Amino acid sequence: MHRLLACWLILAATPGWAQENAGGDPLPRWQTLDQPQVVEAPELERVQLVVRDTPPPPQRALEVGLVVLDPGTGGDSLANRQQGIFEDVRSAESRYLPFALRRALVDSNQWGAVRVLPGSDPGYELLVSGKILVSNGAELSLELTVRDSLDEIWLRKTYSLVAEENAYLETERRLRRPFQDLYHEFANDLYRLKQQRDDAALQRIREVSELRYAADLLPDAFGLYLGRDDSGLVTVQRLPSRDDPMLARIRRVREQEYLFIDTTDEQYAELYTEMTPVYDLWRQYLREQLAFRDAWETRLAERDKPRRGSYEAMKQTYNNYKWEKIQREEMKTLAEGFDNEVAPTAMELEGTVVQLNGSLDQRYREWRDILRQIYQLETGP
Amino acid sequence: MKRCLYTVTLTLLLCACASEPDVPEAPEQALVLPTPLVRDFSGHWEMDYGRSDNVDQKLRSLYREMQRNAQRMARGDQRARVMSPELVNANFRQVVDMARLADMITDSQVLEIEQSSADIEVKRENNFTLSCIFSDGEPQLVVDELGSEICGWDAHQLVFRILLPDGLDILHRMSMSDDRQRLHVATRVNRRGAAPFTINRFYFRFDPLPEDYECEYTLSRGNVCQTGAR
């Protein structure tokens, strides 16, 4: 970890690095890899996505996997309810938001295939995982971690953004998505981090990714190719020959897996498309509720307090409680309305209707097991 | 044992709430909640004005009682509670305030109750929903920024107690007639240093008109209804 930190410090101090990143956009801001840094984008800042005109050359087109986010709800339903966190909505958000990030990465045209993954895959070339910290319409806060196949952490950072006042206006939404700046900021950060690495470093990430996949499928044959250095990073001990028939077979299996992921990815795309208008409404309502609450609290603070124990005082006490409860009930109704609309999104997979909620991760694991079995059948005992 | 432990914890929790300056006072005793005898309150209920308390009448009766007491005291009657006329008036003003509050918080003409083995929701017209999750018959305590709620079964009665700042203590006690056609909600409003006031509301069951369509609330399209669903 110290070595990693030292690397970052050296990089940050390197003039060339600063020059590479000098393009008007601020440099990535971090301090330590262990302590996620909270960086709030200024409210009215427009974060321009750094976009390539042409696709990146193959040696720089890393594949990126975005794991479905941790909804950040914990297990205490009562506490969630009190905090205005609706588990069904968060569950949908945990699938929606990676796709929103994916769109920013795809739009930047800086990467190879970018996929939303139902479960974690440590051997992925670049893996993005994270947790929803706050999502209430007015503010979005995501803790994101990016690591490569070597297990090197590229980024661990909390992205927070307060939505602009008119973010949910129809005219505004046509121009840019609510919280789009946050997605762009993340995509730009990732791009800059890639720019710090030369082709050889990226090639190593790809090699290790392939070998980790192979070792996962056939540990006896491929586990020996890999090791770990003192800082815990995965290293290549030796490489199989380019025309290794086992490796060729594993590549075919991996292609099959990508086909599966692409199928599920289409389902996420469908969910994203279907959910977007409803989700915007949900976030808009949330924001309005928060604004109403702020205004209510301000009015309360400004109001003259009636004599303690008087009818007016007791009525005020009761009504404060009553409006708080009614507001929560309205939120619950909205959450149910959201769920009624989004939940029926189902996917047709291998002739079976599978609800996106819950079972996809299991399907993914089953699929990997099947691939492993196919491989073993192909290779024989 | 678990119940004892829970009750003790609950009492301590409520006492802890009371030690804060601006949170509800501790109840005189924690709710005693024996083995639940669950009643099904679900359905639609409409207020029966004929049987429910008339607050004005109740106040007049209370005022007469207080006056009688003052007169007895003036005659040197041993049964009279010592109370000056000023105190009678001051106390009565407090009672009137409590009665007005009790009247206000129980003025829902219609209740809609949804109940399952796991929870109950008492939706009250023009008021917030009273809800309770039944966890193995144990009372449920919810502590909020603006108040605390405790609910649970007390034999065949369902009890909701709301403890608000300034020592305001509201207790709703719901029970149902054996034929399940009448619902009684006794609401006691209490405040530190004041006499409690109890108001009784009675409701009779009614069946809403059957509908030929089924509606589902959606966020972008509002209520979406299908005809012939039933």
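Above this note sits the structure.
Residues numbered from 1 in each chain as written. Chains lettered and ligands numbered in written order. Predicted model: local features only at pLDDT ≥ 70, side-chain atom pairs only at ≥ 80, totals over all residues. Heavy atoms only, no water.

A few words now on the overall build of chain B. In terms of helices and strands, chain B carries three helices and 12 strands. In chain B, 50% of the contacts between residues at least 6 apart in sequence involve partners at least 24 apart. Here chain B displays about 12500 Å² of accessible surface, and carbon together with sulfur accounts for 51% of that area. (Helix = DSSP H or I, 4+ residues; strand = E, 2+ residues; numbered from the N terminus. Contact = heavy atoms within 4.5 Å. Areas by Shrake-Rupley, 256 points an atom, 1.4 Å probe, with all protein chains shown as cover.)

Turning our eyes to something else, we now look at the pairing of strand E3 (residues 119–124) of chain B. Residues and elements named next belong to chain B. Judged from the five bridges that link them, strand E2 (residues 110–115) and E3 form a sheet pairing that is antiparallel. By the bridge assignment for E3, Ile-113 is matched with Val-122. Counting the residues in the hairpin turn of E2 and E3 gives three residues. As defined by bridge partners, E3 adjoins strand E4 (residues 130–133) across four bridges and the pair is classed as antiparallel. Each residue of the ladder has a partner; that of Glu-121, found in E4, is Ser-131. Between E3 and E4, which pair antiparallel one after the other, the connecting turn spans five residues, and Asn-126 there sits at a positive phi close to 60 degrees. (Pairing = 2+ DSSP bridges.)

Put plainly, a disulfide is one covalent bond tying together the sulfur atoms of two cysteines. Residue and element names in this part refer to chain B. For the structure shown, the criterion picks out one disulfide over all chains. Here Cys-132 connects covalently by a disulfide to Cys-151, the sulfurs 2.1 Å from one another. Between Cys-132 and Cys-151, the disulfide has an S-S torsion of 90 degrees and is therefore right-handed. Of this pair, Cys-132 sits in strand E4 while Cys-151 is found in strand E6 (residues 148–154), placing the two residues 19 residues apart along the sequence. Like Cys-132, the residue Cys-151 is buried in the burial classification. (Disulfide = S-S within 2.5 Å. Buried < 20%, exposed > 50% of the residue type's maximum accessible area, 1.4 Å probe, protein only.)

Okay, the environment of Ile132(A) next. Residue and element names in this part refer to chain A. Here Ile-132 shows up in strand E4 (residues 126–135). Overall, Ile-132 belongs to the buried group, its relative accessible area being 1%. For the pair Ile-132 and Leu-144, spaced 12 residues apart in sequence, the C-alpha to C-alpha distance is 8.8 Å. Other than its neighbours up to four places away in sequence, Ile-132 contacts Leu-69, Asp-70, Pro-71, Gly-72, Arg-90, Glu-93, Ser-94, Leu-97, Ser-141 and Leu-142.

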